[in-house]
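In case you want the letters, here they are:
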Amino acid sequence: EAGVAQSPRYKIIEKRQSVAFWCNPISGHATLYWYQQILGQGPKLLIQFQNNGVVDDSQLPKDRFSAERLKGVDSTLKIQPAKLEDSAVYLCASSRGLAGDNEQFFGPGTRLTVL
Amino acid sequence: AQSVSQHNHHVILSEAASLELGCNYSYGGTVNLFWYVQYPGQHLQLLLKYFSGDPLVKGIKGFEAEFIKSKFSFNLRKPSVQWSDTAEYFCALRSARQLTFGSGTQLTVLP
């Protein structure tokens with residue numbers, strides 16, 4: 001079974017530029033998550049989708065971050081404009097459903113450096 | 001609000017030593033608890049989980065964890081570590097629909 005795919009793996013941009021990350025979840029997984037992991041910290045949930053609907057985006061900085069999952073499969077996370085403090089690894093995860101006993105499977109992440 | 005604390009940021013052990021990594025959580029309701037591991041250059045992966053029932057849960061690679069409700073703890077243990085256990089370990093709590101992670105413990109096992 002193929003895992004969660006993410007691209008790009010690395011991205012370096014200057015502050016105030018925009019950037020987009022892509023995620024392809026495991027086939028058949030209805031729930032998709034985006035996490036931000038700052039160096040020295042654990043992953044923090046940014047947004048959670050169930051199919052193409054947003055379940056929880058309470059921790060997403062909506063003035064600069066946006067995410068979509070239009071067809072309920074792939075997802076894109078965008079930052080516009082980026083700030084220095086956005087430097088982090090952005091992880092995508094997926095699970096079969098929302099129930100707590102559904103294991104979340106993580107992708108390799110995209111490491112973003114904002115200069 | 002829910003939170004997870006991992007007080008050991010970096011643990012260094014020799015091979016065959018016993019391991020215990022601390023995890024404490026703060027949440028008033030029913031919790032599901034997890035330990036995730038991230039080996040160098042690899043994805044985060046599930047090590048073990050607790051939902052209900054026997055508070056002593058066993059995971060992959062000889063790891064186990066004990067849920068102690070009265071202490072709000074879910075410590076990870078392994079009787080004898082190997083060099084290949086070198087990794088970062090994250091404790092996580094799931095309540096409602098959100099997974100909250102601790103800050104992680106970097107374990108280095110010296111050969």
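Preceding this section is the structure that the text describes.
Keep in mind it's a predicted model, so treat the numbers as computed, not measured. Residue indices begin from 1 for each chain and proceed along its sequence in written order. Chain letters start at A and ligand numbers start at 1, both assigned in the order the entries are written. Totals for whole chains, interfaces and linings use every residue, but because this is a predicted model, local features are given only for residues with pLDDT of at least 70 and side-chain atom pairs only at 80 or more, for both listing and counting. As a convention, hydrogens and water are excluded, and side-chain values are obtained from all of the structure's heavy atoms.

(A) Spotlight on the overall build of chain A. The helix count covers DSSP runs of H or I at least four residues long, the strand count covers runs of E at least two residues long, and both are numbered beginning at the N terminus. Of regular secondary structure, chain A possesses zero helices and eleven strands. Secondary structure of chain A in N-to-C order comes out as β-β-β-β-β-β-β-β-β-β-β. Note that the radius of gyration is over C-alpha atoms, with the globule rule given as 2.2 Å times the number of residues to the power 0.38. Radius of gyration (C-alpha) of chain A: 13 Å, near the 13 Å computed for a compact globule of 115 residues. By principal-axis analysis of the C-alpha atoms, chain A measures approximately 40 × 25 × 25 Å. Exposure categories follow from relative accessible area, calculated using a 1.4 Å probe and restricted to protein chains: below 20% of the type maximum is buried, above 50% is exposed, and the middle band is partly exposed. Across the 115 residues that make up chain A, the buried fraction comes to 46%. Contacts are residue-level and defined by heavy atoms, with any inter-residue pair within 4.5 Å sufficient. The contacts in chain A between residues at least 6 apart in sequence include a share of 54% that link residues at least 24 apart. Only the protein chains shown count as cover for residues, and the accessible areas themselves come from Shrake-Rupley with a 1.4 Å probe. Of the roughly 5,600 Å² of accessible surface on chain A, 49% is carried by carbon and sulfur atoms. Counted as positive: Lys and Arg. Counted as negative: Asp and Glu, with His and the chain ends omitted from the count. Each charge is placed at NZ for Lys, CZ for Arg, CG for Asp and CD for Glu. One finds the centroid of the 13 positive side-chain charges in chain A at a distance of 6 Å from the centroid of its 11 negative side-chain charges.

(B) Representation of the pairing of strand β8 (residues 64-68) of chain B in the model. Residue and element names in this part refer to chain B. Strand pairing follows a simple DSSP-based rule, namely that at least 2 bridges must link the two strands. In this sheet, β8 lies alongside strand β7 (residues 56-58) in antiparallel orientation, the contact comprising three bridges. Directly across from K58, in β8, lies its bridge partner E64. Counting the residues in the hairpin turn of β7 and β8 gives five residues, including K61, whose phi is positive at 60°. Across five bridges, β8 lies against strand β9 (residues 73-78) in antiparallel orientation. In the strand pairing of β9, A65 is matched with L76. In this structure, the hairpin formed by β8 and β9 is closed by a connection of four residues, where F72 is found at a positive phi of approximately 50°.

(C) Examining the state of the cysteines more closely. Criterion for a disulfide: a pair of cysteine sulfur atoms at a distance within 2.5 Å. Using the criterion set out here, one finds two disulfides over all chains in the structure. In this model C23 of chain A forms its disulfide with C92 of chain A; the gap between the sulfur atoms is 1.9 Å. With the S-S dihedral at roughly -70°, the linkage between C23 of chain A and C92 of chain A falls on the left-handed side. You can see C23 of chain A sitting in strand β3 (residues 19-24) and its partner C92 of chain A sitting in strand β9 (residues 88-95), a full 69 residues away along the chain. Take C92 of chain A: its relative accessible area is 0%, and that puts it in the buried class. One disulfide bridge connects C23 of chain B with C91 of chain B, the sulfur atoms lying 1.9 Å from each other. The chirality of the disulfide connecting C23 of chain B with C91 of chain B is left-handed, given an S-S dihedral of about -65°. Here C23 of chain B, found in the loop between β3 (19-21) and β4 (24-26), pairs with C91 of chain B, found in strand β10 (residues 87-95); they are 68 residues apart in sequence, far enough to count as distant. C91 of chain B shares its class with C23 of chain B; the two are buried.

(D) Quick look at the interface of chain A and chain B. If you look at the interface, chain A gives 23 residues, while chain B gives 17 residues. Here the quantity called buried area is the accessible surface, traced with a 1.4 Å probe, that two parts lose on coming together, added over both. For the pair chain A and chain B, the summed buried area comes to about 1,600 Å², and 51% of that belongs to carbon and sulfur atoms. Between Lys or Arg on one side and Asp or Glu on the other, a salt bridge is scored when a side-chain nitrogen of the former is within 4 Å of a carboxyl oxygen of the latter. At the boundary of chain A with chain B, the tally comes to zero salt bridges. By the criterion applied in these results, polar contacts are pairs of N or O atoms within 3.5 Å in which, for protein atoms, one can donate a hydrogen and the other can accept it, and in which residues neighboring in sequence qualify only through two side-chain atoms. Across the contact surface, chain A and chain B share five residue pairs in polar contact (both at pLDDT 80 or more). Taken together, the elements giving at least two residues each to the side of chain A that touches chain B come down to β4 (31-37), β5 (44-50) and β6 (53-56) of chain A. Ranked by residue count, the leading element in the side of chain A that touches chain B is β4 of chain A, at three residues. Its residues assigned to classes, the side of chain A that touches chain B shows ten nonpolar, ten polar and three charged. Amino acids are sorted into nonpolar (Ala, Val, Leu, Ile, Met, Phe, Trp, Tyr, Cys and Pro), charged (Asp, Glu, Lys and Arg) and polar (every other residue, Gly among them).

(E) The pairing of β6 of chain A, seen in detail. Residue and element names in this part refer to chain A. One ladder, built from three bridges, connects β5 with β6; its direction is antiparallel. Within the sheet, the bridge partner assigned to Q50 lies in β6 and is G53. Between β5 and β6, which pair antiparallel in sequence order, lie two residues; one of them, N51, sits at a positive phi of approximately 55°.

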